[in-house]
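If you want the building blocks of each chain, they are given just below.
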Amino acid sequence: MAVDTHVFRVSNRTKIAKGKTVQEVEKNLLKRVPSEYAYNAHHWLVLLGRYICKANKPRCDLCKIFSLCEFENKFLFRKI
Ligand code: SF4
């Protein structure tokens, strides 16, 4: 699974697949995401990172996976 800047950030922030390098994140994503969902999961993570889970100001107030996300500061960004 290709790990670009969005996939890398969202995977680490949500803690779905943590890693210090793109290779490590990819390895952990492939462990967690069933192969039949890998293609769609990649696009989902890219779009989430591009439009909702933005680098500087994540839109936690709009996020559909808020209850699943393990980002420790998500409540700070929910109020904005
Ligand atoms: S709740 Fe916030 S930090 Fe977590 S995935 Fe959604 S936008 Fe990102």
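Residues numbered from 1 in each chain as written. Predicted model: local features only at pLDDT ≥ 70, side-chain atom pairs only at ≥ 80, totals over all residues. Heavy atoms only, no water.

Let's talk about the packing of helix H1 (residues 5-14) against helix H3 (residues 38-51)
So, point 1. Where H1 meets H3, the axes come as close as 8 Å, and the angle between the chain directions of the two elements is 85°. Comparing the axis directions of H1 and H3 gives the class roughly perpendicular. Residues His 6, Val 7, Arg 9, Val 10 and Ser 11 of H1 touch H3, and the partners they reach there are His 42, Leu 45, Val 46, Leu 48, Gly 49 and Arg 50.
So, point 2. Residues that form the contact of H1 with H3 fall into these classes: five nonpolar, four polar and two charged. (Axes fitted to C-alpha atoms, helices over the stretch in contact; angles between N-to-C directions. Helix = DSSP H or I, 4+ residues; strand = E, 2+ residues; numbered from the N terminus. Parallel < 35°, antiparallel > 145°, perpendicular 65-115°, else oblique. Contact = heavy atoms within 4.5 Å. Nonpolar A, V, L, I, M, F, W, Y, C, P; charged D, E, K, R; others polar.)

Observations regarding the layout of surface pockets
So, point 1. Computed from the structure, the largest pocket encloses a volume of approximately 300 Å³.
So, point 2. For the largest pocket, the lining is made up of 13 residues, of which Thr 14, Ile 16, Arg 32, Trp 44 and Ile 65 are closest to its centre.
So, point 3. If you list the elements that add at least two residues to the lining of the largest pocket, you get H1 and H3.
So, point 4. Looking at side-chain class alone, the lining of the largest pocket contains nine nonpolar, one polar and three charged residues. (1 Å grid on protein atoms, 1.4 Å probe; cavity = no way out; pocket = protein on both sides within 12 Å on 5 of 7 lines; lining within 4 Å. Points joined across faces, edges and corners; volume = space filled by probe spheres on them.)

Re the packing of aromatic side chains
So, point 1. Applying the stated criterion across every chain yields a total of two aromatic pairs.
So, point 2. Each ring, one from Phe 66 and one from Phe 75, has its centre 5.2 Å from the other, and the planes form 85°; the classification is edge-to-face.
So, point 3. For Phe 75, a relative accessible area of 52% gives the class exposed.
So, point 4. Taken together, a centroid distance of 6.2 Å and an interplanar angle of 20° make the contact between Phe 71 and Phe 77 stacked.
So, point 5. Its relative accessible area of 13% is what places Phe 71 among the buried residues.
So, point 6. The residue whose ring lies beneath Arg 78 is Phe 66, and the NZ or CZ to ring-centre distance is 3.9 Å. (Phe/Tyr/Trp six-rings, centres within 6.5 Å; stacked < 30°, edge-to-face > 60°. Buried < 20%, exposed > 50% of the residue type's maximum accessible area, 1.4 Å probe, protein only. Lys NZ or Arg CZ within 6 Å of the ring centre and 35° of its normal.)

Structural notes on the site of the ligand
So, point 1. Around the ligand, a shell composed of Arg 13, Thr 14, Ile 52, Cys 53, Pro 58, Cys 60, Cys 63, Ile 65, Phe 66, Cys 69 and Phe 71 is seen.
So, point 2. Given that more than half its atoms are within 2 Å of the pocket grid, the ligand belongs to the largest cavity.
So, point 3. For the shell around the ligand, the class distribution of residues is nine nonpolar, one polar and one charged. (Near = heavy atom within 4 Å. Sits in = over half its atoms within 2 Å of the grid points.)

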